[in-house]
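Listed below are the residues making up each chain.
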Amino acid sequence: MYRKICKIGNSQGVSIPNELLEKLRLSRGSEVDVKLDEEHSRIIIEPARNHPFVDDNKRTEITSAGKLSTFLQHILSRNYNFLK
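Sequence positions are assigned chain by chain, starting from 1 and proceeding in written order. Totals for whole chains, interfaces and linings use every residue, but because this is a predicted model, local features are given only for residues with pLDDT of at least 70 and side-chain atom pairs only at 80 or more, for both listing and counting. Just so you know, side-chain values use all the structure's heavy atoms and leave hydrogens and water out.

## So, the overall build of the protein chain
Heads up, the rule is: Under the DSSP-based scheme used, a helix requires at least four consecutive residues in state H or I and a strand at least two consecutive residues in state E, with every element numbered from the N terminus. Think of it in three bands: with a 1.4 Å probe and only protein chains considered, a residue is buried below 20% of the maximum accessible area for its type, exposed above 50%, and partly exposed in between. Here, residues are in contact when the closest pair of their heavy atoms is within 4.5 Å.
Scanning the protein chain from N- to C-terminus turns up 3 helices and 4 strands. Mapped from its N terminus to its C terminus, the protein chain presents α and β elements in the order β-β-α-β-β-α-α. Every one of the 84 residues in the protein chain was classed for burial, and the buried ones make up 13%. Expressed as a percentage of contacts within the protein chain between residues at least 6 apart in sequence, the contacts between residues at least 24 apart total 11%.

As structure tokens, this is what we get:
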């Protein structure tokens with residue numbers, strides 16, 4: 001499947017067709033892991049499954065206080081300069 005790189009704010013991005021997102025149970029706001037495979041000159045995008053704030057059964061739901069705390073710490077650390 002071929003896609004074009006497009007401008008997204010000050011960055012570049014590639015749109016992902018809904019049919020692929022549905023098959024992976026992903027939607028807007030879902031966490032993904034982006035890796036560079038330099039050996040094969042490719043970018044790999046996978047659903048984030050091993051992050052402490054991602055629940056494999058229900059990725060959009062935070063089911064425990066520990067995960068909620070980790071999730072909030074992650075959000076605050078990513079947006080610290082904005083929130084100052």
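Additional details are given in the paragraphs that follow.
## Re the layout of surface pockets
Let me state the cut-off plainly: In this analysis, the protein atoms alone were mapped onto a 1 Å grid. Cavities are point sets where a 1.4 Å probe fits without being able to get out; pockets are open sets with protein on both sides within 12 Å along at least five of seven lines; lining residues have an atom within 4 Å of a point. Grid points are joined across faces, edges and corners, and a volume is the space filled by probe spheres set on the points. We call Asp, Glu, Lys and Arg charged. Ala, Val, Leu, Ile, Met, Phe, Trp, Tyr, Cys and Pro are nonpolar, and the rest, Gly among them, are polar.
In this structure, the largest pocket encloses a volume near 710 Å³. What lines the largest pocket is a set of 25 residues, and nearest its centre among them are Val14, Ser15, Ile16, Val32 and Ile45. Of all the secondary structure elements, the ones that give two or more residues to the lining of the largest pocket are strand E2 (11–13), helix H1 (18–23), strand E3 (32–37) and strand E4 (42–47). Of all the elements, E4 adds the most residues to the lining of the largest pocket, at 5 residues. Here the lining of the largest pocket is composed, by residue class, of 15 nonpolar, 6 polar and 4 charged.

## Considering the environment of leucine 21
Summarising the element assignment, leucine 21 is placed in helix H1. A C-alpha to C-alpha distance of 9.7 Å links leucine 21 and proline 47, two positions 26 residues apart in sequence. Filtering out sequence-adjacent residues up to four positions away, leucine 21 remains in contact with Ile16 and Leu26.

## Regarding the pairing of E3
Our working definition: Here, any two strands with at least 2 DSSP bridges between them count as paired.
As paired elements, E3 and E4 share 6 bridges and run antiparallel to each other. Counted as the bridge partner of lysine 35 is isoleucine 44 from E4. Between E3 and E4, which pair antiparallel one after the other, the connecting turn spans 4 residues, and serine 41 there sits at a positive phi close to 50°.

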